[in-house]
Amino acid sequence: MTRLRIPKVVPKPKDFSKIPWTEEFRDKYPTRKAEKYFTEGMNYEDFRDFLFAEKHVDFRKASLMAHALRTDKGIVRNDNEILLTINFPYCEWRCVNCKRNMYQRAKYQDAYLYYFDAIMREIKLTREIIAKKCYIVKAICYTGNLLALDALELEKVLSQCTYTLSEINVELGNPKFITQEKLAILKKYNVTRIIVNALTFNTVSLRKLCRRYEFKEVYDSFKLIAEFGFDLNIELLVGLPQEHELQLGRNIKLAVELGATGIDLFSRFCPLGNNIEVTTDKNLISEQRKLLEYTSNTMKSFGFNTYFLYCTEVESGCFENVGYTIPNKTCKYLEDKNWAVSTMLGCGLNTETTIVKNLHNTRKSMRNTYDLGQYILGIDEILEKKRKFFE
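What comes next is a walk through the structure. (Residues numbered from 1 in each chain as written. Predicted model: local features only at pLDDT ≥ 70, side-chain atom pairs only at ≥ 80, totals over all residues. Heavy atoms only, no water.)

## With respect to the environment of L146
Then, number 1: With respect to the secondary-structure elements, L146 resides in the loop between β4 (136-144) and α5 (151-159).
Then, number 2: When neighbours within four sequence positions are excluded, L146 is seen to be in contact with F88, L154, V157, L158, V170, E171 and L186. (Helix = DSSP H or I, 4+ residues; strand = E, 2+ residues; numbered from the N terminus. Contact = heavy atoms within 4.5 Å.)

Following this line, the structure appears as structure tokens:
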């Protein structure tokens, strides 16, 4: 008797050139476009399935939106709760993709003595505004490289920014600034989380970005963070040249092994979508979408869920930037900032101050100067402008 041979069915590979966000949801915040379809009694799995079956959204993107909406709906929009950003723009070297104004402390040492005095004055004014307005500081983030300060400066800054029940985050671009002494000071002042702007752990990519270290040289520094018990967010880029699935998978695996409770994947070069060179190359767009699907599936396999989602290059590739977290370890600062729901006070170079009125759906903003010299010499004017901004 002749056995019947059943041909093996090979799934047709996705054509990523034809899988953008559907037109209705091509937006910086696609979840907010979809929220109107979330009805009473619907759970998030039903919402995902509805977007997939009825609105023809790619299933993975529908899943991202469903998880992101769960987080968005969980954010308390209290206009008295604020975020505080304090920027110390120190670096040892400047990455080739950096859009921020960063300075080498060794090269600008004299200027930084004046900068430290100026920002301490702005922090003092900010404390007065917070007290006068009866603001509740939900979360603080020290951006730039706070650990580039010496121990005495570090204590002086942290002692001026103690707010009850605040989540305190320290951003770090250079792991070489980590020392046991400085981490002990952070612990003393109840710092919650360290956010490492790693970008990648790949040696070739680090060299191309002008980051002058290898992962093996900073491994012990990362492990110190875990030993002190800080929550750890690691920010990685999806879309660096010559980084494909192999390199991205390794980056994510290393982040997990280092104990990251949050892994934030930013698409291409610009986390905030400012000054980005928009791509129109169809092959590059397709490759980027493929990488985003791969990283999303990888994060899911490690048990991470979406907690923020927004898109950049909306009119061309519409690439998603996604924050992933393990359960109950959401970073309130990044969550609120990337959903743009809370009033923000900024201190220091190139920081933004925005007053948000959720009830009236209004926002007004001011931004400090981008130039180090202008900030130092113009600090009196900056303080007066901020004082009037809150009157």
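## Quick look at the pattern of salt bridges
Then, number 1: Evaluated as defined, the whole model comprises 22 salt bridges.
Then, number 2: Its salt-bridge partner being R121, residue D380 comes within 2.7 Å of it at the nearest N-O pair. Here R121 lies in helix α4 (residues 109-133) and D380 lies in helix α13 (residues 379-389), a separation of 259 residues in the sequence.
Then, number 3: Linking D336 and K138 is a salt bridge whose minimum nitrogen-to-oxygen distance equals 2.6 Å. Separated by 198 residues along the polypeptide, D336 in helix α11 (residues 332-339) and K138 in strand β4 bring together distant segments of the chain. (Salt bridge = Lys/Arg side-chain N within 4 Å of Asp/Glu carboxyl O.)

## Quick notes on the packing of α4 against α13
Then, number 1: Here α4 crosses α13 at 15°, and the two axes come no closer than 10 Å. The orientation of α4 relative to α13 falls into the category roughly parallel. Seen from above, α4 lies across α13 with right-handed handedness. Where α4 approaches α13, its residues A118, R121, E122, L125, T126 and I129 are matched on the opposing element by I379, D380, I382, L383, K386 and R387.
Then, number 2: A breakdown of the residues in the contact of α4 with α13 according to their chemical character gives six nonpolar, one polar and five charged. (Axes fitted to C-alpha atoms, helices over the stretch in contact; angles between N-to-C directions. Parallel < 35°, antiparallel > 145°, perpendicular 65-115°, else oblique. Left-handed = near helix turned anticlockwise from the far one by under 90°. Nonpolar A, V, L, I, M, F, W, Y, C, P; charged D, E, K, R; others polar.)

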